[in-house]
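Observations on the three-dimensional arrangement
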Amino acid sequence: MLSASRPINMAHMRNELLKKYGGPVPRYTSYPTAPQMTSDIDGDVVLQWVSELPNDEPISLYCHIPFCDSLCWFCGCHTKVTNRAENSDGPVSRYVALMEQELLTLAAAASKGANNPPSTARIHWGGGSPTILTPDLITRLSAAIDNAFPIAEGRVFSVEIDPRGVDLDRMEALAAAGVNRISIGVQDFDPAVQTAINRRQSFDETERVVSGMRERGVESINIDLIYGLPFQTSGTIDATIDQVMRLAPDRISLFGYAHVPWMKKHQALIDTDTLPDQENRAIMATQAAKLLCKAGYEQIGIDHFALPKDRLVALRDTGQLRRNFQGYTDDPTKTLLGCGVSAISRFSSGLAQNETELPAYRRHVLAGEPPIARGCRTNKHDRLRAAIIEKLMCNFAVDLRQILNDMNSDSKEIEADIDRLSPLVRDGLVTLSEGLILSITDLGRPYTRQVAACFDEYLPRAKGRHSMTV
Ligand SMILES: C[S@@+](CC[C@H](N)C(=O)[O-])C[C@H]1O[C@@H](n2cnc3c(N)ncnc32)[C@H](O)[C@@H]1O
Ligand code: SF4
């Protein structure tokens, strides 16, 4: 009798947990999180931070291309639709000219006179859709980066790719620029789901870009998938994963759809009645993870998967996995310089975000100043919390005593945080040993962001407006 009733009780318990802990919290790709940024941080502060960068320590550079050919209705990225600018004076080429100028301003500040600025160990182009750039513009932007900053040995150059409309010339230009890692948006191959999100993308055109870039030397391919989209079911997820397996990507990101129409107005075009409910989202997430693991992928953190030979797996196994604005990463650098509209930079002293609107961005760039809109300084307390949150998000466990020791902090510092963990301990989501080793249990894994949130000093504990945890 007991064994017959157990599955029912487990299902009931999981639903109760979902109701209690499935609410909105940040994704913790940084700490402090974006809402902590204010106009106290401006271009002058960032010039100072850039000028303090050690010249011999490689950095990462993120370039944001805020344009797409058409708008996917689920999209939460900072982008807008524009006509492809094949001519030399379209909005995209004018934007690239501004980025060239911004890169020069940053490099001049980092050079400190006769010295070279730091080299770039990582470059990432995100968006929007960087492949809206014409082949000429791809070449121009990569040359501008390499003129501004020396190239570190073994540099990883990654680009986010919307395969629709990526022709051979664009693939050639990306490869010639040194791109050696790509991330391709798929989301779901099901036609009904694609219609409901306004993104029609065939398997064949996706495969064409995957093999085209492999033939041109790209060694690492990531594919983005989303669960929780309109009309998605366990069946569509199954079928999509089947097709994705034929592409044999090295990595897969599996994000929960963040429906935030109060921030992204176009998401209101998605009929909420067609969205799976929270319980079905959780079922899809679990099922997708099971299928990927069965296919030989290893789970990395809360939403990534990688083949066993991928560096992310080794880093996970040795506790060295990192998390940044792009998600889980093997990027070892301390400094990230953001370039382009809305890009965020990370320095040891704080975070800074560029202007999110093009006119304001242009005004600053043409005046020769970093186009900063907001930011925040980080102090010792923030750095302690950032380290704890990153460990939890990457390893599902953290040795709190060790981190307190490493950062010369006292356990009093996290007394309130430990109190906030009590209900999660009672509900079996985490364990906390006397030696202050905090571990997230299998039951608690879907609520990792909620566990991390216990260490977020700034999170309003009242009803939040972030995306759902699961
Ligand atoms: C900049 S886009 C990728 C590049 C390219 N524009 C494309 O769509 O193929 C980055 C990724 O963010 C994810 N994403 C965008 N909006 C999202 C949302 N509302 N919820 C969850 N993931 C989202 C998608 O998986 C998307 O592939
Ligand atoms: S998902 Fe990609 S292609 Fe679609 S609107 Fe967003 S950035 Fe553009």
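Predicted model, so just to flag it, every value in this text is computed and none were measured.

Topologically, Glu355 is positioned in the loop between β15 (350–354) and α11 (358–366). Of the side chains with opposite charge, Arg374 comes closest to the buried, unpaired Glu355, at an N-O distance of 5.5 Å. Reaching out from Glu355, the side chain makes a polar contact with the side chain of His364 at a distance of 3.0 Å.

On to the packing of helix α7 (residues 203–215) against helix α8 (residues 234–247), then. Two numbers describe a pair of packed helices, the interaxial angle and the distance between the axes. It is at 10 Å that the axes of α7 and α8 come closest, and there the two elements cross at 25°. Considering their axes alone, α7 and α8 lie roughly parallel with respect to each other. Crossing angle aside, the handedness with which α7 passes α8 is right-handed. Across from Phe203, Thr206, Glu207, Val210 and Arg214 in α7, the residues of α8 making contact are Gln243, Arg246 and Leu247. Looking at the contact of α7 with α8, its residues break down into 3 nonpolar, 2 polar and 3 charged.

Domain annotation of the protein chain identifies domain 1 (34–339) and domain 2 (379–459). Its C-alpha centre places domain 1 at a distance of 29 Å from the equivalent point of domain 2. Taken together, the contact pairs 8 residues of domain 1 with 9 residues of domain 2. Here domain 1 meets domain 2 over a buried area of about 790 Å², counting both sides, of which 57% is carbon and sulfur. Interface area lost by domain 1 to domain 2 is led by Gln36, Ile302 and Arg323, which between them contribute 50%. On inspection of domain 1 and its partner domain 2, the count reaches 1 salt bridge. In this structure, the connection of domain 1 to domain 2 is made through 4 residue pairs in polar contact (both at pLDDT 80 or more).

With that out of the way, let us pick up the site of ligand 1. Every one of the 20 residues lining ligand 1 counts as a neighbour, but Phe74, Gly76, Gln187, Arg199 and Asp224 are closest to it. In this structure, an oxygen atom belonging to ligand 1 sits 2.8 Å away from a side-chain N or O atom of Arg199. Considering ligand 1 on its own, with 560 Å² of exposed area, one finds that the protein chains cover 89% of that surface. Looking at side-chain class alone, the shell around ligand 1 contains 8 nonpolar, 8 polar and 4 charged residues.

In this section: helix α2 (residues 43–51). Taken together, the buried positions of α2 are occupied by Gly43, Val45, Val46, Trp49 and Val50. Seen along its axis, α2 keeps its buried residues to an arc of 155°; they face one direction. Packed against the buried residues of α2 are α3 (91–111), β13 (336–339), β14 (344–347), β15 and β16 (372–377). One side-chain oxygen of the residue at the start of α2 lies 3.2 Å from the amide nitrogen of Asp44, identifying that residue as Asp42.

Thresholds applied
- Residues numbered from 1 in each chain as written.
- Chains lettered and ligands numbered in written order.
- Predicted model: local features only at pLDDT ≥ 70, side-chain atom pairs only at ≥ 80, totals over all residues.
- Heavy atoms only, no water.
- Helix = DSSP H or I, 4+ residues; strand = E, 2+ residues; numbered from the N terminus.
- Buried < 20%, exposed > 50% of the residue type's maximum accessible area, 1.4 Å probe, protein only.
- Lys, Arg positive; Asp, Glu negative; His and termini not counted.
- Salt bridge = Lys/Arg side-chain N within 4 Å of Asp/Glu carboxyl O.
- Polar contact = N/O pair within 3.5 Å; in protein donor to acceptor, adjacent residues only side chain to side chain.
- Axes fitted to C-alpha atoms, helices over the stretch in contact; angles between N-to-C directions.
- Parallel < 35°, antiparallel > 145°, perpendicular 65-115°, else oblique.
- Left-handed = near helix turned anticlockwise from the far one by under 90°.
- Contact = heavy atoms within 4.5 Å.
- Nonpolar A, V, L, I, M, F, W, Y, C, P; charged D, E, K, R; others polar.
- Domains from an automatic or database assignment.
- Buried area = accessible area lost by both parts, 1.4 Å probe.
- Near = heavy atom within 4 Å.
- Areas by Shrake-Rupley, 256 points an atom, 1.4 Å probe, with all protein chains shown as cover.
- Arc of directions from axis to C-beta.

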